[in-house]
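Listed below, chain by chain, are the residues.
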Amino acid sequence: MISGVTQFSMDARVSLRSLNPYISCFICKGYLIDATAITECLHTFCKSCIVKHLDTKLGNTCPKCDVVIHRSNPLLGIRLDRKMQDIVFKLVPELQQNEANREKVFCKLRGIPYDKNQGSTEKDKHMDDNKYEGKTVSAISEDRVSIQLETNTKDMEPLTKKYICCSSRTTVNHIKKLIAKKLYHDLEKYCSVDILCNDEILGKDHTLKFIYVTRWRCKEPPLMLYYQPRVDVLNFSQNV
């Protein structure tokens, strides 16, 4: 009897259609690609889908259950789910090869070097190198981001060294303190500085990685950041 049950279990077949709800992205409805899970609720989405969702005004909540991912930096609340991605590739015939072909075409159309030996699960570790001022630097990786600091007002002097490669976890507050140290020689004056990207004043806790992914991902490196006197300080000086 036991052997019969075992044999039945081994011969059982499950249709792929019945598994689709478990291996598909809630946002795009397609099979998971670069499966990425929210650590708070464990709901999984395509990496590109969840990152685009984080770029919206409601981007700090899970699109499926509305749980808050992270109040200041949602990217800290998501992680690649390699096991899930392996399961999806094993269950769906030719999906991995088709995705590799699409990636190859994508890179070719944009003139990006394509490494045929680089698996899709490794894309999060290294992004394509970009040449800048004669040097090959990574625009953004797991540990660093290349930025350019400029002033957009005559009220503040330009920096002598405006090109910086720093940790991707560097926050806007760190950048403000750097500018305060360089221009005012006083770290305590960092509160009188605003940092902008695409004419938008950035939150003090935003990391460079979050800014790059949500505000600069389709543009050429380096990440352009502008600094100016804080709005209320500037308005006060103009009124005086």
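Residues numbered from 1 in each chain as written. Predicted model: local features only at pLDDT ≥ 70, side-chain atom pairs only at ≥ 80, totals over all residues. Heavy atoms only, no water.

## With respect to the sheet that holds strand β10 (residues 223-229)
Thinking step 1. The mixed open sheet is built from five strands, whose spatial order is β7-β6-β10-β8-β9. If you trace the sheet from one side to the other, it starts and ends with β7 (163-166) and β9 (200-201), each paired once.
Thinking step 2. Together, β6 (145-151), β7, β8 (193-197) and β10 form the strand contacts of helix α6 (residues 172-184), whose direction differs from that of β8 by roughly 125°.
Thinking step 3. Lying over the sheet, helix α7 (residues 208-215) contacts β6, β7, β8, β9 and β10, oriented at roughly 110° with respect to β10. (Pairing = 2+ DSSP bridges. Helix = DSSP H or I, 4+ residues; strand = E, 2+ residues; numbered from the N terminus. Contact = heavy atoms within 4.5 Å. Axes fitted to C-alpha atoms, helices over the stretch in contact; angles between N-to-C directions.)

## With respect to helix α3 (residues 47-54)
Since the α-helix advances by 3.6 residues per turn, residues separated by three or four positions end up pointing in the same direction.
Thinking step 1. Those residues of α3 lying buried are Cys49, Ile50, Val51, His53 and Leu54.
Thinking step 2. Buried residues in α3 make contact with β1 (36-38), β2 (44-45), β3 (78-80) and α7. (Buried < 20%, exposed > 50% of the residue type's maximum accessible area, 1.4 Å probe, protein only.)

## Considerations on the packing of helix α2 (residues 16-23) against helix α4 (residues 82-91)
Thinking step 1. Two elements in contact, α2 and α4, have axes whose closest approach is 12 Å; the angle formed by their N-to-C orientations is 155°. Viewed along their axes, α2 and α4 adopt a mutual orientation that is roughly antiparallel. In the crossing of α2 with α4, the sense of the turn from one axis to the other is left-handed. Between α2, through Leu16, Leu19, Tyr22 and Ile23, and α4, the contact on the second element is made entirely by Met84, Val88 and Leu91. (Parallel < 35°, antiparallel > 145°, perpendicular 65-115°, else oblique. Left-handed = near helix turned anticlockwise from the far one by under 90°.)

## Concerning the packing of aromatic side chains
Thinking step 1. A full pass over the atoms with the stated rule returns zero aromatic pairs.
Thinking step 2. One residue, Lys29, lies across the ring of Phe26, its end atom 4.4 Å from the ring centre.
Thinking step 3. Here the basic side chain of Lys177 rests over the ring of Tyr190, its NZ or CZ set 5.1 Å away from the ring centre. (Phe/Tyr/Trp six-rings, centres within 6.5 Å; stacked < 30°, edge-to-face > 60°. Lys NZ or Arg CZ within 6 Å of the ring centre and 35° of its normal.)

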